[in-house]
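Next come the chains, spelled out residue by residue.
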Amino acid sequence: MKIAIHPPLDEARLAKVRAAAAPAVVVNAADVEDADAFLGKITPELLSRAAKLRWVQAFTVSLEHYMFPALAAHPCALSNMRGLFSDVVADHAIGFVLCFARNLHLYIRRGTWAPIGGENDRPSMASGPGTVAGFDRAHVHLADATLGVVGMGGIGSEVARRAAAFGMRVLGHDPKVSGVPLDTLLAESDYVVIAAPHTPSTAGLFDRATIRKMKRSAVLINVGRGAIVKLDDLTAALEAGEIAGAALDVFEIEPLPPSHPLWARENVILTPHVAAASVRIAERHLAALLDNVRRFVRGEPPLNLVDKAQWY
């Protein structure tokens, strides 16, 4: 049995892969001729030379830049690295929710002792003893709010679990699991979190028409893939007041140009594709790779198998 790796791994990781693959031969190069498995970034040219290939392990989670027609049609199994970032990305998404619920992003910008919704933000009519209605309305009580998750895979499930811990009502939409229709989720959610992968069916899903199905008071959050949200349509919807705000970690165009109008909007939070950043990811990545190598050598199906036609 032969396992090829490309791009090559560093010596420390290569030694661990070879130990996990024993007694299989591991070649740290794009030597795919007579290879049974391939770890890394396969190309159409490499695939055309791999006559015996039975398994390909992608080093990434997203596959929109990985898939090509010949690979989709090939009988080899394909697995990816999904699941490594679920908790980390979910933390980022809930961080966005908390910023909007408590106006943290606005207080950071404001830099003055002036409660949002107070006497400097009209209206501020008293609605009861010791209560300032404008102040109260400006800060969301999370247990009264609904969070909708589009894409109930590993990340979406972790977002839902965290939201439930805050007492929020949670709605989920995913073609592969039971949930609510997308239109219902959009109409009822105060926060809509996109945690879906980029696939042929999700590309451009959130256009102007879809965004208009959300509440005018709702916030759109994208920690999935940038291609799912049409930036021009989102910008136009925000400028027209069709939704209350947006928080994005991924973008249709990356990096987002400095001149893009979203940078200047107070009701938008932008982070530079860092939701998956964590000191734990490298160790998880290696552990998942070694586990799948061992499984393949033992004749067991690898974890995280991908539906190649759907890209996930």
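This text goes with the structure placed above it.
Residues numbered from 1 in each chain as written. Predicted model: local features only at pLDDT ≥ 70, side-chain atom pairs only at ≥ 80, totals over all residues. Heavy atoms only, no water.

J.: Honestly, the pattern of salt bridges in this entry has me stumped. Any pointers?
T.: Opposite charge on two side chains permits them to pair, given that their charged atoms come into close proximity. Taken as a whole and assessed by the stated rule, the structure comprises 20 salt bridges. The partner of Lys2 in a salt bridge is Asp34, and the shortest N-O contact between them spans 2.8 Å. Separated by 32 residues along the polypeptide, Lys2 in strand β1 (residues 2-6) and Asp34 in the loop between β2 (25-27) and β3 (37-40) bring together distant segments of the chain. For Lys2, a relative accessible area of 11% puts it in the buried group. Here Asp34 falls in the partly exposed class, since its relative accessible area comes to 42%. A cluster of three or more residues bridged by salt bridges with shared partners is formed by Asp91, Glu158, Arg161 and Arg162. (Salt bridge = Lys/Arg side-chain N within 4 Å of Asp/Glu carboxyl O. Helix = DSSP H or I, 4+ residues; strand = E, 2+ residues; numbered from the N terminus. Buried < 20%, exposed > 50% of the residue type's maximum accessible area, 1.4 Å probe, protein only.)

J.: Looking at this structure, how should I read the side chain of Gln57?
T.: When you line up the elements, Gln57 lands in strand β4 (residues 55-57). Polar contacts involving the side chain of Gln57 include one to the side chain of Ser79, which spans 2.7 Å. Sequence-distant contacts of Gln57, defined by excluding residues within four places in its chain, comprise Phe38, Leu39, Gly40, Tyr66, Ser79, Asn80, Met81, Leu289 and Asn292. (Polar contact = N/O pair within 3.5 Å; in protein donor to acceptor, adjacent residues only side chain to side chain. Contact = heavy atoms within 4.5 Å.)

J.: Just to check I follow, could you spell out unusual backbone geometry for this structure?
T.: Generally, phi is negative for residues other than glycine and the peptide bonds are trans, each holding for most cases. The peptide bond linking His6 to Pro7 adopts the cis configuration, its omega dihedral lying at 0°. Relative to the assigned elements, Pro7 resides in the loop between β1 and α1 (11-21). Of note in the backbone geometry, Asn304 takes a positive phi value of approximately 65° without being a glycine. Relative to the helices and strands, Asn304 is located in the segment after α11 (281-297). Residue Asn304 is classed as partly exposed on the basis of its relative accessible area of 25%. Phi is positive for Trp311, which is not a glycine, with a value near 70°. Relative to the helices and strands, Trp311 resides in the segment after α11.

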